[in-house]
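For reference, the chains in residue letters:
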Amino acid sequence: MAKPKIIIVGGGFAGLAAAKALRKTPAKVDLIDRTNHHVFQPLLYQVATSVLTPSQIATPIRSVLRNHENTTVILGEVTGVDKDRKCVFFSDADRQNVPIAYDYLVLATGASHSYFGHNQFAEYAPGLKSLADAEAARNKILQAFELAEAEEDPSRHRDLLTFILVGAGPTGVEMAGALAVFVRTTLKSDFRRIDPRSARILLVDMASRVLPPFSESLSRAAKQRLENLGVEVRLGHSVDQIDADGIVVAGERIASKTVIWTAGVAPSPAGKWLNVETDRAGRVRIQKDLTVPGHPEIFVVGDTASLDQNGKPLPGVAQVAIQQGRYAGKLIHNRVVGSPAPGPFNYFDKGSMAVVGKGFAVLQTGKVQVSGFLAWLTWAAVHLQFLATSSLRLSVFLQWVWTYVTGQRGDRLIVNHLGAEYAKAAADATIKPAFAGR
Ligand SMILES: Cc1cc2nc3c(=O)[nH]c(=O)nc-3n(C[C@H](O)[C@H](O)[C@H](O)COP(=O)(O)OP(=O)(O)OC[C@H]3O[C@@H](n4cnc5c(N)ncnc54)[C@H](O)[C@@H]3O)c2cc1C
């Protein structure tokens, strides 16, 4: 009898966990991803703030699954699903909308940025979701210092050295803390005309406190820590405008050349492909066995799925994605080999953490709430443990020790310095076109 065909779309946390659970399944597994690498998104902000290099937080999916003899990795973009014909359509550099048939389908396509209906903000306030985003943010931050150093008129330095992060969830808080440490330690002796320590870092959110998923006392501790690091935290007002000159918040214009979007996320279009019920955010409503109602062969997992537990929707975090991916893989394996199905999916919450600058984190697990150095050590240990390979774990550990001891960071290269983005930044800053266009 022909082996069943399983397609996994997405090599993020959920897709990889599903593939790993299917390693010994007598089936033909195809994992399709539009990038060739798995990214450890929780450390993207460390690439954006020059602590780590892109290759320290990402690894080729093909190499992670190299010992999975039943699995083929395909680089391509899935563009749709035909539930009746049981096939997905994918495109690559060569071909468009090629159908591939499946017996079981696992959609693990994650999420992208949401500008809450203000898509025009995207041009001026890039988000942080992929390696390319993190490199672009790093370039933008480093360029701002270069532009300020090259600028003879000191009155322009303040605008160039104002950095605004929109969104005070974990990503915004972690990024603001890392940026504050970066300007006050790593960069402090590197410039002659400007003092990087004078950089202004603002964290803006319409919520009334930072880190809304955490308890109020941990939120307060994180805010206090940010303020001690010199970050201005502006809460309770949404951003009305973002353009080439900065932002407008609560009627006040704040001039800045570097605005980063660390706010909302929107799920992938999986719900549209399947034409099934979604929640208000557009995530596919799934059942307790992680399948789509009426389609026991289609699983949707991770950030692109919506499932309630104890009356509340599960959060879009890596642990949910990993546990769901693993469950979907196990359930498919059991069906293929004829074993009884596992009980309904039940998320085990191991807790939440966010790091705020050097040597400080907040940690919440069950009734335990801790902030400070011990929480930071736990944060570091847990993040190292979840990196995809042991070589990444070693490399990141050594870099962290080096950065902790010396204040120096891993990657301060502006890789697109002669590219289009630099030309645009230079043009905005009225640098001579001959230099910008070279
Ligand atoms: C900056 C940042 C910081 C975060 N920090 C934390 C944290 O500290 N702790 C935590 O628990 N969670 C954190 N998260 C959330 C966590 O990373 C996500 O919940 C998790 O990545 C979701 O896993 P996933 O597999 O559903 O999606 P992803 O990991 O996003 O993977 C989706 C995959 O699908 C691929 N894909 C998407 N569309 C297609 C398509 N059409 N065709 C082919 N491939 C496609 C993508 O290339 C990607 O590889 C953070 C997220 C971000 C962005």
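Residue indices begin from 1 for each chain and proceed along its sequence in written order. It should be noted that, the model being predicted, local features are given only for residues of pLDDT at least 70 and side-chain atom pairs only at 80 or more, the latter also being counted only at that level, while totals for whole chains, interfaces and linings use all residues. Side-chain metrics in this entry use all non-hydrogen atoms of the structure; hydrogen atoms and water are not considered.

### What to know about the overall build of the protein chain
In step 1: Helices and strands together make up the secondary structure of the protein chain, namely 14 helices and 27 strands.
In step 2: It is over C-alpha atoms that the radius of gyration is taken, and the globule rule equals 2.2 Å times the number of residues to the power 0.38. For a compact globule of 438 residues, the expected C-alpha radius of gyration is about 22 Å, and the protein chain comes in at 23 Å, within 12% of that figure.
In step 3: In terms of overall dimensions, the protein chain has C-alpha extents of about 75 × 55 × 45 Å along its principal axes.
In step 4: For every residue, the accessible area (1.4 Å probe, protein chains only) is compared with the maximum for its type, and the residue is labelled buried under 20%, exposed over 50%, or partly exposed between those bounds. A total of 438 residues make up the protein chain; the buried ones form 53% of that total.
In step 5: Between two residues, a contact is recorded if the distance between any of their heavy atoms is within 4.5 Å. Put simply, of all contacts in the protein chain between residues at least 6 apart along the chain, 63% involve residues at least 24 apart.
In step 6: Neither His nor the chain termini are counted; the positive set is Lys and Arg, and the negative set is Asp and Glu. Throughout, a charge is located at the NZ atom of Lys, the CZ atom of Arg, the CG atom of Asp or the CD atom of Glu. A distance of 7 Å separates the average location of the 49 positive side-chain charges in the protein chain from that of its 39 negative side-chain charges. Helix numbering and strand numbering both begin at the N terminus, where a helix is a DSSP run of H or I of at least 4 residues and a strand a DSSP run of E of at least 2.

### Regarding the sheet that holds strand β17 (residues 258-261)
In step 1: Spatially, 4 strands are ordered β13-β12-β11-β17 in an open sheet, and the strand pairing comes out parallel. Either end of the sheet is taken by a strand with one partner, and the two such strands are β13 (231-235) and β17. Within this sheet the neighbouring strands show an average axis-to-axis angle of 20 degrees, counted without direction.
In step 2: When strand β12 (residues 200-205) meets β13, the two strands line up parallel, connected through 5 bridges. In the strand pairing of β13, Val204 is matched with Arg234. One bridge is not enough; two strands pair if DSSP finds at least two bridges between them. Here, axes are lines fitted to C-alpha atoms. For helices the fit covers the stretch in contact, and angles between N-to-C directions go from 0 to 180 degrees.

### What to know about a nonpolar patch on the surface
In step 1: Taken together, the side chains of Phe373, Leu374, Leu377, Leu394, Phe397, Leu398, Val401, Tyr404 and Val405 make up a nonpolar region of the molecular surface, amounting to roughly 870 Å² of accessible area.
In step 2: Of all the secondary-structure elements, those providing two or more residues to the nonpolar patch are α11 (373-386) and α12 (390-406).
In step 3: Element by element, the count of residues in the nonpolar patch is highest for α12, at 6 residues.
In step 4: In this fold, Leu398 is placed in helix α12. Distance thresholds for patches are 9 Å for like charges and 5 Å for nonpolar side chains (Val, Leu, Ile, Met, Phe, Trp, Tyr), applied to residues having over 30% relative accessible area and no salt bridge. For every accessible area listed, the method is Shrake-Rupley and the probe measures 1.4 Å; residues are considered covered only by the protein chains on display. Definition used for salt bridges: Asp or Glu carboxyl oxygen within 4 Å of a side-chain nitrogen of Lys or Arg.

### A few points about the site of the ligand
In step 1: If even one non-hydrogen atom of a residue comes within 4 Å of a molecule or strand, that residue is called near it. Around the ligand, 26 residues are found, and the nearest of them are Ala14, Asp33, Val78, Asp303 and Ala318.
In step 2: We define a polar contact as two N or O atoms separated by no more than 3.5 Å, with the added condition that, inside protein, one atom must be a possible hydrogen donor and the other a possible acceptor, whereas residues neighbouring each other in sequence contribute only through side-chain atom pairs. Within the backbone of Val78, an N or O atom sits 2.9 Å from a nitrogen atom of the ligand.
In step 3: Here an oxygen atom of the ligand and a side-chain polar atom of Asp303 are 2.8 Å apart.
In step 4: Those elements that place two or more of their residues in the shell around the ligand are α1 (13-21), β6 (77-82) and α10 (318-337).
In step 5: For this classification, Asp, Glu, Lys and Arg are treated as charged, while Ala, Val, Leu, Ile, Met, Phe, Trp, Tyr, Cys and Pro are nonpolar and the rest, including Gly, are polar. For the shell around the ligand, the per-class residue count stands at 11 nonpolar, 10 polar and 5 charged.

### Brief notes about α1
In step 1: Burial of α1 is extensive: 7 of the 9 residues sit out of reach of the surface.
In step 2: Within α1, the full set of buried residues consists of Phe13, Ala14, Gly15, Leu16, Ala17, Ala18 and Ala19.
In step 3: For α1, the secondary structure elements touched by its buried residues are β1 (5-9), β2 (28-33), β3 (37-39), α4 (61-64), β9 (104-107) and α10.

### Observations concerning the sheet that holds strand β15 (residues 246-249)
In step 1: Pairing in this open sheet of 3 strands is antiparallel, and the strands run β14-β15-β16 from one edge to the other. Among the strands making up the open sheet, the edge pair consists of β14 (239-243) and β16 (252-255). Within the sheet, the average angular offset between the axes of one strand and its neighbour, ignoring direction, is 20 degrees.
In step 2: Sheet topology note: the β14/β15 ladder contains 4 bridges and is antiparallel. Bridging from a neighbouring strand, Val239 pairs with Val249 of β15.

Read these as spatial facts, not as claims about activity.
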